Amino acid sequence: MKKIYTIIDLQKTLANERKGEKKLGFVPTMGALHQGHLELVNQSVKENDISVVSIFVNPTQFNDKNDLLKYPRNLDADCKLLEKAGDVIVFAPDVKEIYPEPDMRQFNFGHLAAVMEGQFRPGHFNGVAQVVSKLFDIVKPDKAYFGEKDFQQLVIIRELVKQLSLGIQVVACPIVREKDGLAMSSRNTQLTVEQRKAAVIISQTLFESKNRKNNYPVKSLKSWVVNRINVVPDFKVEYFDIVDGFTLRSIYKWEDTEYPVGCIAAFAGNVRLIDNIFY
Ligand code: PAF
């Protein structure tokens, strides 16, 4: 594992290692790595000659300053985990390296970025697009790996790649879950012991909603999910919607789409968790 902090050093290293037809895989992360990230890294290592993992907590995608301050950071622990993952290049720039001046770019993803996360975290996807487009330009990968837990982000990254004609293959990797079903997330470490135990309600409800799909109209199933989570003390659903997985438009009848995805954001105390399920 090689650790690199500057764009110039990364580009020198890649120019050196990438001679010929070598394939480059890229896993962008904000650190606080867990098994979900490691699955992305493993897949990249398997499918490419060189893998770059970026660790950068991107300030422009946080609409809440407190959330940015609280975001877990531990580069040494992350690097230890990555050492076990194989021969990867870790790119860990500081904020000035990525944003030597403020990024004024405004992306337009239309409806894709206006709903769900976009509605409740204004500016979030613009910030994601700013940093991911910069990282893509710096790393110039053949393939980039993203987790399906951030389903809306994945759809928007595909759109970004299309809008900018980047020719990068976006690879989606399935959600990795804890033994009890909770989707792995860097934010899980912020849960109290009680919240952590109770947080199983989110995935459990999503799984059960899938079993109920054939017996419930879409609208009733949406209410059932929200009510089942909201009765748990300290838990509050911010949104739950069942959308077409390509357009992210809400569906009203199951026949509206062949690709229904249920997406949820819920608070456990102050900790915001997201998850989703393919019906
Ligand atoms: O999913 C994340 O961790 C971040 O949104 C990403 C893609 C690394 C951009 O900062």
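As a reminder, the structure under discussion sits directly above these lines.
For the structure given in this document, a descriptive report is provided here.

Quick word on the site of the ligand
Contacts to the ligand come from Pro-28, Thr-29, Met-30, Asn-58, Gln-61, Val-131, Val-132, Phe-146 and Gln-153. Gln-153 is positioned with one of its side-chain polar atoms (N or O) 2.7 Å from an oxygen atom of the ligand. When the ligand sits alone it has 290 Å² of accessible area, and the protein chains cover 88% of it. Secondary structure elements with two or more residues in the shell around the ligand: strand 2 (24-29) and helix 8 (124-139).

Let's talk about the pairing of strand 7 (residues 235-244)
Within strand 7, 8 of the 10 residues are buried, which leaves the element mostly enclosed by the surrounding structure. Pairing between strand 7 and strand 8 (residues 260-268): 9 bridges, direction antiparallel. Within strand 8, the residue paired with Phe-240 across the bridge is Ile-264.

Points about the packing of helix 1 (residues 7-17) against helix 8
Close contact between helix 1 and helix 8 brings their axes to 9 Å; oriented N to C, the two are set at 40°. Classed by the angle they form, the pair helix 1 and helix 8 counts as oblique. Mapping the contact onto sequence places Ile-7, Leu-10, Gln-11 and Leu-14 in helix 1 and Asp-137, Ile-138 and Val-139 in helix 8.

A look at the sheet that holds strand 6 (residues 169-173)
Pairing is parallel across the open sheet formed by 6 strands, whose spatial order is 1-4-3-2-5-6. Each edge of the open sheet is held by one strand with a lone partner, namely strand 1 (2-4) and strand 6. Across the sheet, the axes of successive neighbouring strands diverge by a mean angle of 25°, strand direction being ignored. Where strand 2 lies against strand 3 (residues 50-55), 6 bridges are found, and the strand directions are parallel. Counted as the bridge partner of Thr-29 is Ile-55 from strand 3. Helix 8 contacts strand 2, strand 3, strand 4 (88-91) and strand 5 (143-147) of the sheet and is inclined by roughly 150° relative to strand 2.

Scoring rules and cut-offs
By convention here, each chain's residues receive numbers from 1 onward along its written sequence. At least 70 in pLDDT is required for a residue's local features to be given in this predicted model, at least 80 for side-chain atom pairs to be given and counted, and no such filter applies to totals for whole chains, interfaces and linings, which use all residues. Heavy atoms throughout the structure, all of them, feed into the side-chain values; hydrogens and water do not. Neighbouring residues are identified by heavy atoms, a residue being near a molecule or strand if any of them is within 4 Å of it. In protein, a polar contact means a hydrogen-donor-capable atom and an acceptor-capable atom, both N or O and within 3.5 Å, with residues adjacent in sequence counting only if both atoms are side-chain atoms; elsewhere, any N or O pair within 3.5 Å suffices. The Shrake-Rupley method, run with a 1.4 Å probe, gives the accessible areas here. Residue values count only the displayed protein chains as cover. Secondary structure elements are taken from DSSP: a helix is a run of H or I of four residues or more, a strand is a run of E of two residues or more, and numbering for both begins at the N terminus. Throughout, exposure labels follow a simple rule: accessible area from a 1.4 Å probe, protein chains only, divided by the maximum for the residue type, with under 20% read as buried, over 50% as exposed, and the rest as partly exposed. Following DSSP output, two strands are said to pair if at least two bridges run between them. All axes are obtained by fitting lines to C-alpha atoms, using only the stretch in contact for helices, and the reported angles, taken between N-to-C directions, cover 0 to 180 degrees. Between 65 and 115 degrees an angle is taken as roughly perpendicular, under 35 as roughly parallel, over 145 as roughly antiparallel, and anywhere else as oblique. The contact criterion used is simple: two residues touch if any of their non-hydrogen atoms lie within 4.5 Å.

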